[in-house]
Structure formats: C-alpha cells, structure tokens
Amino acid sequence: MSTRVRFAPSPTGYLHIGGLRTALYNVLLAQGQGGSAILRIEDTDRSRFVADAEQDIITSLAWAGLHFDESPVAGGDRGPYRQSERTRHYSDAAQTLLDQGHAYLAFDTPEELDTLRSTKTSDGQAPPRYSASTRGSMKNSLSLAVGDVERLVAEGVPHVIRLRVPEDEVVTFSDIVRGEVSFNSNEVDDQILVKSDGMPTYHLANVVDDHLMGITHVIRGEEWLSSTPKHVLLYRFLGWDVPAMAHLPLILSPTGGKLSKRNAESQGIPVFVSDYQAEGYEPEALLNYIAFLGWNPGTDQEIFDLDELAGVFTLERVGSSGVQFSIDKLRWFNEQHLRRLDAEVLSSRVRTHLDTAGLDVADDYLSAVLDLMRDRISFAADVAAARYFFEDPDRYDEKGIAKRWKDDSGPLLTAYAARLDEASNLDAETAETVLRDLAEERQVGAGRIIHPCRLAVSGVTFGPGLFELMELLGRSTCVRRLRSAVTRLA
Ligand code: GLU
C-alpha cells in the first residue's frame, strides 16, 4: 500500500510556523516513500472562518516549496479537497453511527449544558462532562421516549448528534512518536459529531476524510493527541482501519512554554510564514531549520535541501519532547543557505530587493558584488542595504566619525586620493601598497588612513575587505568619494 499523508489546515488563520512544520513532515514522508501528499482544507467551522486564510495557506506553502499531489488547486481522484464541499459523506457516516447505536441525538439547550458544566462535584474533581455517567439525565434520544424524540425532531427543535462513548473502557492506540498511548473512556466526552446547523465537527469530518482519502499516516501536532481516542472509537464504530498516528512535539518559546502567537510576537519571532517571507528569510533555510524542530538525522549534518531531507527523514527519528525555537539559529541557517545558493538564484533573489530599492544594477557588477558579499550577509536584502556599492554615500556614520575621523584625516586622505589618481590602474594590491607607503612616509599607522578611508568610501565602518571594495568601485569613484568626504567632514 503506498503511503498517503495529508496536511489538513483549517482556514481559521494564516499559515503559521507550526503548521509549516506539520506540512513539511508530511511532504517529507510522502516524498521519501514515493507516496502522495494531500492538502485538505478543513473548513467546516464557519464561526472561525477567515476569508483569505485558505489563499494564504496555499501561497505560503508554494513559497516554501512544498508540493502537494492532491489539493483544492491540483485536484485529484479523491476530491473534492475542501470539507465544505463534502458534507454528504459526513451525513452518511453520522447516519450509520445513529443506525448502529454509536451516536444519538441531543436536544439540550445552551443553558442546560451550562448547568451540567457548573454542577459542583463533592470531591473537587473536574466538572461532569456529557458522557455515560450524565447522559441519562440530559435531553437526548437515549433518555427520552421514542415518541418524544420524534416529536422534537418534527417540531424542528435544534439538536446535535453526539458520539456514544462507551463506559469504563481503555482506548489504546499506537503512536509512532510516543509509543502506546491509552486513555480511559470515562475521560472522553460524548463529542458532538454534527452541529445543530447540520455541519460536521472537525472530529467526524477528519475521520471520514482520512478514511475516504486512503490516508495511511496521520501526522499532526501534539494538541490533537487528546482527540485521538475519539477518532479511534469512530474508526472502530464505522468498521475502518485506524491509520498510523504520529503526534509531533510542541514548539516551545525561547523563554519556555508553548510558542504562542502572543509570546512569539513579544520576542520578535515572526508567527506567520508570510512574515518570514516578508522579513527576507530564504524558504530553503526556513524548511531546513524547522525540519530540526523535533527531528534529527542522527548524524552531524545540518544543512539539507528538501530532497536530501526527504531522503533521510523518518518518523521514528521524531522526538516527543518539546523543542525550543531559536531565531538566532534560523538566521544561521539563512546565512548557510545563502552561501550555498546557485549564483544565478542568489542574483535573482538579491535583485528583487534591488528593484524594491529602485537600484538598477548591471549583471556583471552585481555578480562581482555578490562575490564580495555572499559570505558576509545574513539576508539577501543585506546586499541592497549596502548602498555604497551602488551610489556615493550621502551621509557618514556618526559614531564612526567620532571614533575614526581625526585632525589629520583630511590631509592624509587628500594625499591618498592624489596618489590613487595617478595610479594607472586601481586594483586591490595597488590600493593597499599606495596606502601603506603613504602611512610609512607620514609616520602613522596604516589604520590611521584605512579607517577614515572606509568611512569616506562607504559611509559606514564595516563591510568587505576595504581594498577589494575599492578595486570593485574603481579609481574615479574612490577618488571622488575620498575628496568629497574631506570637504564634507572638514
Ligand atoms: N484541521 C486541523 C487543524 O487545523 C487538522 C488536525 C489534523 O491534522 O487532524 O490543525
């Protein structure tokens, strides 16, 4: 049986970093095993529906480079891939469960449910749930006479369909990440399967679709672990096999606790995948980094592209304990991937930023800039931010001036500019020799010229090797910038 996995986001918000990791692990397993990855949109909760969320999820996955064989966009044999278009299947399953006594109708009003939940327990335990021990005193098709139930339905009294969870049973399933997991059925409530508006809840729709779509492995976040006993019961009652289960560990905040939207934002950690894109992270780096949030290859290798990851990924190497998110580590991955990017790909990514900055740069020149900068940047945008490659500085770093611009800087740079002007050709070696000779003649350390020279040429105090930079900028540009700084900083 070939592997079929699914990423099943609800369009209740934009794709976040945890969702991207779930999507990635699914795609890696499918790709590594020559199976299929399915994207299914779980949009039955209309109360939390966000209109542009589905579009954001699809665009973000595409930006990241994650491919789905079947999806609302690509289509496929087992579609449609949006749950709101599949309601017939859920009604059929609910009817089967009702017919076989594994589900029942419940007519309780919100007030009656509140009364149940606020009932005080003598021993200070959790308030009672809607379950085998309480359903007899609630208003449902198990407690009411058949005639009353028929009358309520005929009168159009709002009702839901609930799962009839058996009493005193241990529900066990095996999870690839966690081993054998057991829940006592008394801890599981009689989950609503179909709401009063006729829409299925996540639990019913999810199980029906995983079955109908032939899903072999369910890979999802730990937050769904406690729902799994309900799903296992549904599979059993419907006479279906339970897929292999793998619940991924939590992603933790650097300060501890689950990485929530709020604590991520307060620590400057982007939440949504589109934010990582906007902040200039390379998709390959982001995927590589999040692959390690819960998994490791068992070797020292850290840098992987997607195909390499798919080649070594196994669910057996996913850990069960939470993993801390580190923005510094992600930045490191970004640097490493920039260094490895194919020259043309790097140029085109840098060019996007140059275009945004309104900088029109020739191909040859850009490739020479990238030779100098590739190993020094954290983001592709850093190249466009180094304006001195493309235009004369219009101001000079204040702290740099305070620290590096001395009384003799003007005369030294004037002399240096004059000598460079005479040199037949300005390569890095000439720039350096001329500078060192001048320093020796004037009996000053070379730094006395190097530092103000860098300020004059670039406006800032850091960057690539000064003499390489000067060679790239060319003689007339260097001479002009030196003279202009002398005038402006006098
Ligand atoms: N729709 C659920 C979500 O938004 C899917 C959970 C699962 O994969 O079963 O995360």
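Check the entry above for the structure.
Residues numbered from 1 in each chain as written. Predicted model: local features only at pLDDT ≥ 70, side-chain atom pairs only at ≥ 80, totals over all residues. Heavy atoms only, no water.

Novice: Just give me the short version of helix H2 (residues 53-64), but keep the residues and values in it.
Specialist: Residue pairs three or four apart in sequence face the same way in an α-helix, which turns once every 3.6 residues. Over its 12 residues, H2 runs 16 Å from end to end, which matches the ideal 16 Å to within 8%, given 1.5 Å per residue. Check the buried side of H2 and you find it contacts strand E1 (4-7), helix H1 (17-32), strand E2 (36-39), helix H9 (273-278) and helix H10 (283-291). At the exit of H2 stands Gly-65, carrying a positive phi of roughly 90°. (Helix = DSSP H or I, 4+ residues; strand = E, 2+ residues; numbered from the N terminus. Expected span 1.5 Å × (residues − 1). Contact = heavy atoms within 4.5 Å.)

Novice: Kindly report on the environment of Phe-173, identifying the contributing residues and their values.
Specialist: Along the chain, the position of Phe-173 falls in strand E5 (residues 170-175). Separated by 66 residues in the primary sequence, Phe-173 and Gly-239 have C-alpha atoms spaced 16 Å apart. Ignoring sequence-local partners within four residues, the contact set of Phe-173 consists of Gly-179, Glu-180, Val-181, Phe-183, Leu-225, Thr-228, Pro-229, Val-232 and Met-245.

Novice: So what's going on with helix H6 (residues 202-212)? Which residues, and what values?
Specialist: Burial within H6 is extensive, with 9 of its 11 residues counted as buried. All of the buried residues in H6 are Tyr-202, His-203, Leu-204, Ala-205, Asn-206, Val-207, Val-208, Asp-209 and Asp-210. Where H6 is buried, its residues touch E1, helix H3 (87-99), strand E7 (192-194), strand E8 (217-221) and helix H7 (228-238). Among the residues trailing H6, Gly-214 stands out with phi positive, at a value near 65°. (Buried < 20%, exposed > 50% of the residue type's maximum accessible area, 1.4 Å probe, protein only.)

Novice: Break down the site of the ligand for me, with residues and values.
Specialist: Around the ligand sit Arg-6, Ala-8, Pro-9, Ser-10, Glu-42, Tyr-202, Asn-206, Arg-220 and Trp-224, and those are all the residues in its vicinity. Within the contact set of the ligand, an oxygen atom lies 2.7 Å away from a side-chain nitrogen or oxygen of Tyr-202. Between Asn-206 and the ligand, the recorded distance is 3.0 Å, taken from a side-chain N or O atom to an oxygen atom. Surface burial for the ligand is 85%, taken as the share of its 290 Å² of free accessible area covered by protein chains. Per-class residue counts for the shell around the ligand are 4 nonpolar, 2 polar and 3 charged. (Near = heavy atom within 4 Å. Polar contact = N/O pair within 3.5 Å; in protein donor to acceptor, adjacent residues only side chain to side chain. Areas by Shrake-Rupley, 256 points an atom, 1.4 Å probe, with all protein chains shown as cover. Nonpolar A, V, L, I, M, F, W, Y, C, P; charged D, E, K, R; others polar.)

Novice: Provide a residue-level description of the packing of helix H19 (residues 447-458) against helix H21 (residues 475-489), including the pertinent values.
Specialist: Contact geometry of H19 with H21 gives a least axis separation of 8 Å together with a crossing angle of 105°. One element, H19, and the other, H21, form an angle in the roughly perpendicular class. Seen from H19, the contacting residues are Cys-453, Ala-456 and Val-457; seen from H21, they are Arg-481, Leu-482 and Ala-485. Here the residues of the contact of H19 with H21 are counted per class, giving 5 nonpolar, no polar and 1 charged. (Axes fitted to C-alpha atoms, helices over the stretch in contact; angles between N-to-C directions. Parallel < 35°, antiparallel > 145°, perpendicular 65-115°, else oblique.)

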